[in-house]
Amino acid sequence: MAKVLIRDVDDRTLVRLKQRAARNKRSLQSELLAIVERAAAVGVVESRAVAARIRRKLSGREHSDSTSLVAEDRRR
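Residue numbering note: each chain is counted from 1, following its sequence as written. Where local features are concerned, this predicted model is filtered to residues with pLDDT of at least 70; where side-chain atom pairs are given and counted, the filter is 80 or more; whole-chain, interface and lining totals use all residues. The side-chain values count all of the structure's non-hydrogen atoms but skip hydrogen atoms and water molecules.

Looking now at helix H1 (residues 11-23). Each helix is a run of H or I in the DSSP string that is no shorter than four residues. Each strand is a run of E no shorter than two, and both are numbered from the N terminus. By definition here, a helix of n residues has an expected span of 1.5 Å times n minus one. Here H1 contains 13 residues, and its C-alpha end-to-end distance of 18 Å stays within 8% of the 18 Å for a straight helix at 1.5 Å per residue. Near the N-terminus of H1, the side chain that reaches the backbone nitrogen of Arg12, with its oxygen 3.0 Å away, is that of Asp10. One or two residues past the end of H1 sits Lys25, with phi positive at roughly 55°. Polar contacts, as used here, are pairs of N or O atoms within 3.5 Å; protein pairs need one atom able to donate a hydrogen and one able to accept it. Residues neighboring in sequence count only if both atoms are side-chain atoms.

Below, the structure is given as structure tokens:
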């Protein structure tokens, strides 16, 4: 197996990654590997095709303004 080193990771980013790993009950290394594997598994062409299918499926429908929904939720 190959080894990869990432330099100059922002401290805040590292903290968030460690928190994410803890939430998923994984080590930081395992969490990073899972993130990289997911990113490598999805190609740009495939992602665009999925996005196009979603746009077609939702076209012609009326959509509510999410800003008002978020504001309403925050007021609760």
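Below, the discussion takes up the pattern of salt bridges. Throughout this description, the term salt bridge denotes a Lys or Arg side-chain nitrogen within 4 Å of a carboxyl oxygen of Asp or Glu. Under the criterion given, the structure shown has 5 salt bridges. A salt bridge links Glu31 to Arg26; the nearest nitrogen and oxygen atoms lie 2.7 Å apart. What makes Arg26 partly exposed here is its relative accessible area of 34%. Because the salt bridges share partners, they merge into one network encompassing Arg20, Arg26 and Glu31. Three exposure classes are used, based on accessible area relative to the maximum for each residue type with a 1.4 Å probe and protein chains only: buried under 20%, partly exposed in between, and exposed over 50%.

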